[in-house]
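Each chain, letter by letter, is given below.
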Amino acid sequence: MGINRREFLRIAGLSTLMGLGGKAAWELVFPGQALAQYTSKPGALVAKRWAMVVDMRKMTESLAAKCIEACHSAHNVPNMAAPPVDPQVTISDNQKNRWQMKWLWTDSFEHAFPGQEQEHMQERLHKMQFLLLCNHCENPPCVRVCPTKATFRRPDGIVMMDMHRCIGCRYCMAGCPYGARSFNWRDPRPFIAKLNETYPTREKGVVEKCLFCEERLAKGQMPACVEASQGAIVFGDLTDPKSKVRELLRTQYTIRRKPQLGTNPHVFYII
Amino acid sequence: MLEKALVGSKRYFQLLGFLAALMIIGGSMYLWQLTFGLGITGMSRDVSWGFYVAQFTYLVGVAASAVMVVLPYYLHNYKAFGRIAILGEFLAVAAVTMCILFIVVDLGRPDRILNVLKYPTPNSVLFWDMVVLNGYLFLNLLCGWVVMEAERNQVAPPKWIKPFIYLAIPWAPSIHTVTAFLYAGLPGRGYWLTAIMAPRFLSSAFASGPALLILLCLLVRRYTNFDPGKEQIQTLAKIVAYAIIINVFFFFCEVFTVFYSQIPEHTQHFYYLFKGIGPYAKLVPFMWVSIIGMIAATLALVFPQVRQNEKTLALACGLVVLTTWIDKGLGLITGGFVPNPFDRITEYWPTGPEALITLGVWATGFFILTILYKIAVSIKEEIRA
């Protein structure tokens, strides 16, 4: 009956190891096993490496606005520029600018790709509004600097954000060279026009950003912006040679934002 | 020894009362910040760090500079500094406390601060900053306290304290190096992306810290019966002179690389700070006061006559403290964020509540400093009597 001495020592030793070193120690002894329990549900969209291609030949300003609307309403991103939902709340023009929240936004060529603009560029480049978002870098500086692992890289390349762990130090905002991160300078709720009950709202004091719609991928849906883009945004697995993103990258000339910084961004642009 | 802090002159309690009043004002503003969020500050999506982080950076330097007193005394057996070592260490204690407070008031979710310990992340420089700052606070409190107690009992300090004292010496530059690495390793921020940032931090620290210590020594001499000593102040003055020369030299090394290479990511921040970009020029007058004042202080401190006259020395030291503060406490952080990595400009200026919270933290530091100096000075007076 019960356990013998050897068995007892083994269990005691392992529990001490877990207690002292937590998951890291467990990983040393049984590599990969702790992670194995995190598997996707059937029906989820999975990839070895997610990537996005924005086809600017098809992207118009009104289409971009639709994509932004789809993203921001799906994720309860407050619109600081619009009049607050709660009439008691007031906001000055200066605050509208300082407290901006954006996961997906547009900017001109010279500001999206600074340093690459020239005076006599192709005319249409001057007018183009590029759709910008988190680049889900292979080597993300935000993950490198975060002191709590509140932002981390998933094996499929999505740079995630745990808003329940974030301490609001904003080191990631200083680290990100793409301006992809927004901080909740105040309670965002009075600025959410239409609440999406299926997605959490945030509290003041934490950082947020685009997560490649991981919650939609888990349900087998494409990201909200991709769905709204009428084919102008293509999303898929970069490791699959037959995927649409690979086909576009193979056949079209694409550029990325600030690749010289070594971050290896995974959002590509066809001009 | 703490009992020494409980008795004192009327002036001592007036000073404490004044500082406590500032702390209460800052504290109540902080309560407002806790309820509303960091939106009550002037920070923005583009300039996501401001006054708090800048003060933190400056004060890490002040804290690190205690080594300029401790090192000559313990490693070179420069006996004169035995008299003021405790003043250097206690200044470091007060400065590190302010650093930690400035980090806390800068957090969006201070209630989650222990996540840094709960999920230790060695790849984050902020994690190491937490380690070195707390370690340095502990080391200075321990070494200062034990040595002072031995001095009071007029016995030699216990042998076991020696390793801690020796450890505190390399620990001092490490806190400011790690603080420089917070900024100097970020790929998108040209103003900070420079290998000379840590050396610059150290040189400005070893100028501003001892300069502040000289001013404090002069105050201690004036208002108490303890004289930190003429020789001590003169040696500190030489340290300030060398450090500020090196600091100005490092600044021009930076300026050369930035402007001879002409790489826009690096030049644009200098243009913003020293010339302004279009209508955006809030910091320009401050930066010129800083650099011209710093050069003036350097030239003045080179002359022995200026250093030997304690009035002109105090003026020069005040100028060093002010100009290095503008450089780090005002220009460094904002300058790194403006313009943002996409050539767009949002300017930053601290708001009233933000300034009052900042003042409250400074007052807290000086409250601690006053108490610690009171204890140290009372014991020195007691031994002399």
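Since the model is a prediction, treat every value here as computed from it, not as a measurement.

### Concerning the overall build of chain A
Here's step 1: Summing up its helical and strand segments, chain A has 10 helices and 10 strands in all.
Here's step 2: Residue pairs at least 24 apart in sequence account for 67% of intrachain contacts in chain A once pairs closer than 6 positions are excluded.

### Comments concerning the packing of helix α2 (residues 51-64) of chain B against helix α4 (residues 85-106) of chain B
Residues and elements named next belong to chain B.
Here's step 1: Running from amino to carboxyl end, α2 crosses α4 at an angle of 160 degrees, the nearest separation of the two axes being 8 Å. Between α2 and α4, the crossing angle belongs to the class labelled roughly antiparallel. Here α2 runs over α4; the crossing is left-handed. Taken together, the residues of α4 that come into contact with α2 (itself represented by Y52, V53, Q55, F56, L59, V60, V62 and A63) are L91, A92, A95, V96, M98, C99, F102, I103, V105 and D106.
Here's step 2: Looking at the contact of α2 with α4 residue by residue, the class counts come to 16 nonpolar, 1 polar and 1 charged.

### Observations concerning the interface of chain B and chain A
Here's step 1: Residue-level contacts link 33 residues of chain B with 40 residues of chain A.
Here's step 2: Contributing elements (two or more residues each) for the side of chain B that touches chain A: α5 (115-118) and α6 (125-152) of chain B.
Here's step 3: Ranked by residues supplied to the side of chain B that touches chain A, first place goes to α6 of chain B with 3 residues.

### Structural notes on the packing of helix α1 (residues 10-36) of chain B against helix α14 (residues 352-384) of chain B
A pair of packed helices is captured by two measures, namely the crossing angle of their axes and the spacing between those axes.
Residue and element names in this part refer to chain B.
Here's step 1: With their axes 7 Å apart at the nearest point, α1 and α14 run at an angle of 145 degrees to one another. The element α1 and its partner α14 pack so that their crossing is left-handed.
Here's step 2: Split into classes, the residues belonging to the contact of α1 with α14 amount to 19 nonpolar, 6 polar and 1 charged.

### Topic: the sheet that holds strand β9 (residues 254-255) of chain A
Residues and elements named next belong to chain A.
Here's step 1: The 4 strands are arranged β8-β1-β10-β9 in an open sheet whose pairing can be described as mixed. Each of the sheet's edge strands pairs with one partner strand only, and the pair in question is β8 (233-237) and β9.
Here's step 2: Judged from the 2 bridges that link them, β9 and strand β10 (residues 267-270) form a sheet pairing that is antiparallel. Along β10, the bridge assignment pairs T254 with I270.
Here's step 3: On top of the sheet, helix α10 (residues 244-251) reaches β1 (50-55), β8, β9 and β10; it is set at about 110 degrees to β8, its chief contact.

### Things to note about helix α3 (residues 67-75) of chain B
Residues and elements named next belong to chain B.
Here's step 1: Considered for burial, the residues of α3 that qualify are V67, M68, V69, V70 and Y74.
Here's step 2: Elements that come into contact with the buried residues of α3 comprise α2, α4, α7 (161-184), α8 (197-223) and α9 (230-261).
Here's step 3: N77 occupies a position one or two residues after α3 and carries a positive phi of about 50 degrees.

So, how was this worked out
- Per chain, the residues get numbers from 1 upward, laid out in the order the sequence is written.
- Chain labels run from A onward and ligand labels from 1 onward, assigned in the order the entries are written.
- Two thresholds apply to this predicted model, a pLDDT of at least 70 for residue-level local features and 80 or more for giving and counting side-chain atom pairs, whereas whole-chain, interface and lining totals are computed over all residues.
- Counting from the N terminus, the helices are the DSSP runs of H or I reaching at least four residues and the strands are the DSSP runs of E reaching at least two.
- Once C-beta atoms are placed from the backbone, any two residues with those atoms within 7 Å are in contact.
- To obtain an axis, a line is fitted to C-alpha atoms, over the contacting stretch when the element is a helix, and the angle between two such axes runs from 0 to 180 degrees between their N-to-C directions.
- For classification purposes, angles smaller than 35 degrees are called roughly parallel, those larger than 145 roughly antiparallel, those between 65 and 115 roughly perpendicular, and all remaining angles oblique.
- Crossings are sorted by hand: turned counterclockwise from the far helix by less than a right angle, the near helix makes the crossing left-handed, and turned clockwise it makes it right-handed.
- Think of it as three bins: nonpolar holds Ala, Val, Leu, Ile, Met, Phe, Trp, Tyr, Cys and Pro, charged holds Asp, Glu, Lys and Arg, and polar takes everything else, Gly as well.
- The pairing criterion is simple: DSSP has to find at least two bridges between the two strands.
- Partly exposed residues are those falling between the two cut-offs: more than 12 but fewer than 20 other C-beta atoms within 10 Å of their own, whereas 20 or more means buried and 12 or fewer means exposed, with C-beta atoms placed from the backbone.

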